[in-house]
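Architecture at a glance
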Amino acid sequence: MELSGLFLKNNLFFRKSFAIFAVRYPMKYALKQRKWLVFLGVLLPINLLMSLDRNAFILVSPKINTIFHFSYLQSTILASSMIWIYALAQIPAGWFINRFKPHVVLFVACLAWSLSVFFFPFARNFSDFLLLRCLLGAFQAPDWASSIVLVNDWFPPTQRSLASSFLLSIMYLGSSVSGPIVTTLTTKFGWASPFYSFALIGIVISFLWLRATQDQQSAPVQQNETNYRDILSAKPLWLLATLYFCTTSVQSFFSLSMPHYLMEYLHVSYSQMGWLYAATGLTLYSSVLLSGLLINRHAKTLLSGNHMRLIPACSLPLAGFALLISSYMGSLTLSVLLLCASIFFIGVSQVSIWSLVHDYMKTGKGMVAGFTTFLGNIGAALTPIATAWLLSKNHNWHLSLLIPFFISLIGCFICTKIGRHKTLTPAASGQ
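Just so it is clear, the structure is predicted and the values come from calculations on it, not from any experiment. Each chain has its residues counted from 1, following the order in which its sequence is written. Side-chain atom pairs in this predicted model are given and counted only at pLDDT of 80 or more, local residue features only at pLDDT of at least 70, and totals for whole chains, interfaces and linings cover all residues. The side-chain quantities take in all heavy atoms of the structure and omit both hydrogens and water.

Examining unusual backbone geometry
One non-glycine residue, histidine 69, lies in the positive phi region at around 60°. One can find histidine 69 in the loop between helix H2 (34-68) and helix H3 (72-88). Even without being a glycine, histidine 267 presents a positive backbone phi close to 60°. Along the chain, histidine 267 falls in the loop between helix H10 (235-265) and helix H11 (270-297). Buried, partly exposed and exposed residues are distinguished by accessible area as a fraction of the type maximum, computed with a 1.4 Å probe on protein chains only: under 20%, between the cut-offs, and over 50%, respectively. Residue histidine 267 is classed as exposed on the basis of its relative accessible area, which comes to 64%. In this text, helices come from DSSP runs of H or I with a minimum length of four residues, and strands from runs of E with a minimum of two, each type numbered from the N-terminal end.

See the structure below:
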């Protein structure tokens, strides 16, 4: 009760705070535009649903492990397999987005992954779950790249950081509310109920998206207009994608390892785990939205002065350090506060990185977004497996959490190498 009351109180405080920002921030003209309405009314809910679908298995996994007798390593493989396939499918997804209209690709993806979610309760062994997790990852792959390309196409540079922060925040809102939603549905109606519920909602919203964007007439990018070799060999893209790799490596603890960490190491109950998972999700949601508002207000100065890179250079190592020392706290309250601090700095890093990516998007937008997401999700898939393997060998969270901490330091070093580039390469920009 104390955890749920704290969550509701913080949520009410954030809603009031956001109302103040919404009144003060000059969006009244932008909101009148139809694209902003479609963005807020349909695209954001799709990304919210993607987060709910992705987290459903993670939150139900303690129940599934008990029923099907899966080990923690097997459970981690199932959880990370979706991210592996999601990552590997990013470059093909980027090609499809460049070749076809991004809103059409997004419709097909949302419908397909919702159907995959529907069949999770029919799985009967490890192989069944592995197949469904891989299908979920493959079909969700075009979502983020499509959304980023649409933001880049629909909005002027002065509004892209804000729109990107909305996209990030809505996904992290999904992470926040997925905890209490999934655990409540699972407790009351069984572990299959979240999958059925989210799948039906996804099928409906995919057709709403198709209806809302049916008048989009933007021409698809032709294959001969884009030199993918030049794009993928550009040093700025590799630096940004590697920086995103480091960020998602630290963040992967919260998306994959945290339920096990809370229940096995901090000894919280299953229902408490859901609310604590929500608390970190709400912190991340607040972080990306607030930092997006602030960065968007000063985006021109930050980008023109090459100062944007300083934000992840500071926030990423702080996130890794807070995560590491949380395992040394003897108090549940202190540990959770440090976990929230870590995920807050992750959100700041995320918004600044995607602001830099938008600044580099001159051509081949789907491929740029897809490759960045690809490398980021490789980190999100590799790090939990490395952490789980090390934990299985020494049963020591202090040692295991050194992995994301050192990766965060590598990310800080990469920030020092990111220079000011207006295009990826002359060839890529069509010059």
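A word on a nonpolar patch on the surface
Every patch collects residues that have over 30% relative accessible area and no salt bridge, joining them within 9 Å if they carry like charges and within 5 Å if they are nonpolar side chains (Val, Leu, Ile, Met, Phe, Trp, Tyr). The Shrake-Rupley method, run with a 1.4 Å probe sphere, supplies the accessible areas, and residue values consider only the shown protein chains as cover. Salt bridge, as used here: a side-chain nitrogen of Lys or Arg that lies within 4 Å of a carboxyl oxygen of Asp or Glu. On the surface, a nonpolar cluster with roughly 380 Å² of combined accessible area is contributed by Leu115, Phe119, Phe122 and Tyr196. Tracing the backbone shows leucine 115 in helix H5 (residues 102-118).

As for the state of the cysteines
The criterion for a disulfide is a pair of cysteine sulfur atoms lying within 2.5 Å. One pass over the full model with this rule turns up zero disulfides. Not engaged in a disulfide, the cysteine cysteine 246 finds its nearest cysteine sulfur in cysteine 415; these two sulfurs lie 8.5 Å apart. We classify cysteine 246 as buried; its relative accessible area is 2%. Of all cysteine sulfurs in the structure, the one in cysteine 412 sits closest to cysteine 314, which takes part in no disulfide; the separation is 7.0 Å.

Regarding the packing of aromatic side chains
Only the six-membered ring of Trp is used, alongside the rings of Phe and Tyr, when aromatic pairs are assigned; centres must lie within 6.5 Å, and planes under 30 degrees apart are stacked while those over 60 apart are edge-to-face, with the rest tilted. Considering all chains together, one arrives at 36 aromatic pairs under this definition. Judged by centre distance (5.2 Å) and plane angle (75°), the rings of phenylalanine 253 and tyrosine 261 are edge-to-face. By relative accessible area, phenylalanine 253 is classed as buried at 4%. In this scheme, Lys NZ or Arg CZ marks a charge over a ring once it lies within 6 Å of the ring centre and within 35 degrees of the ring normal. A cation over an aromatic ring shows up here: arginine 54 above the ring of tyrosine 86, its NZ or CZ 4.6 Å from the ring centre.

As for the nonpolar core
The biggest cluster of nonpolar side chains holds 130 residues, and the ones touching the most others in it are Phe39, Phe129, Trp209, Phe253 and Leu262. Sorting elements by how many residues they give to this core places H2 first, with 17 residues. Beyond its immediate stretch of four places on either side in the chain, phenylalanine 129 contacts Phe57, Ile64, Phe68, Phe70, Leu78, Phe120, Ala123 and Trp191. Among the buried residues, those of types Ala, Val, Leu, Ile, Met, Phe, Trp, Tyr and Cys that are joined through side-chain atoms within 4.5 Å form a nonpolar core. Contact criterion: two residues are considered in contact whenever any of their non-hydrogen atoms come within 4.5 Å of each other.

Notes on helix H15 (residues 365-394)
Here H15 contains 30 residues, and its C-alpha end-to-end distance of 44 Å stays within 8% of the 44 Å for a straight helix at 1.5 Å per residue. The element H15 is extensively covered by neighbouring structure, given that 22 of its 30 residues are classed as buried. Residue histidine 395 follows H15 closely and has a positive phi angle near 50°. Working rule for helices: expected span equals 1.5 Å times residues minus one.

Observations concerning the packing of H3 against H15
When two helices pack together, you describe them by how their axes are tilted relative to each other and by the distance separating the axes. As a packed pair, H3 and H15 sit with axes 8 Å apart at the nearest point and diverge in direction by 165°. Here H3 is positioned roughly antiparallel relative to H15, judged by the angle of their axes. At the point where H3 passes H15, the crossing takes the left-handed sense. Here H3 contributes Tyr72, Thr76, Ser80, Ile83, Trp84, Tyr86, Ala87 and Leu88 to the contact with H15, which in turn contributes Thr373, Phe374, Asn377, Ile378, Ala380, Ala381, Leu382, Pro384, Ile385, Ala388 and Leu391. All residues other than Ala, Val, Leu, Ile, Met, Phe, Trp, Tyr, Cys, Pro, Asp, Glu, Lys and Arg, Gly among them, are scored as polar; the first ten of these are nonpolar and the last four charged. Classifying every residue of the contact of H3 with H15 by side-chain character gives 15 nonpolar, four polar and no charged. The angle between two axes is taken between their N-to-C directions and runs from 0 to 180 degrees, where each axis is a line fitted to C-alpha atoms and a helix contributes only its stretch in contact. An angle counts as roughly parallel when it lies under 35 degrees, as roughly antiparallel when it exceeds 145, as roughly perpendicular when it falls between 65 and 115, and as oblique in every other case. Helix crossings are classified by the rotation of the near helix relative to the far one: an anticlockwise turn of less than a right angle makes the crossing left-handed, while a clockwise turn makes it right-handed.

A look at H5
With 17 residues, H5 should reach 24 Å at 1.5 Å per residue; the first-to-last C-alpha distance of 24 Å fits that figure. The element H5 is extensively covered by neighbouring structure, given that 12 of its 17 residues are classed as buried. When H5 is considered as a whole, its buried residues turn out to be Pro102, His103, Val105, Leu106, Phe107, Ala109, Cys110, Ala112, Trp113, Ser114, Ser116 and Val117.

Some points on the confidence of the model for the chain
Overall, the predicted model of the chain reaches an average pLDDT of 80, with 84% of residues at or above 70. The pLDDT value expresses, per residue, how confident the predictor is, ranging between 0 and 100. Note that residues 1-10 has pLDDT below 50 and, in this model, nine contacts with residues that lie over four places away or in other chains. Across residues 421-431 the pLDDT falls below 50, and counting only partners more than four positions away or on other chains, this stretch makes 22 contacts in the model.

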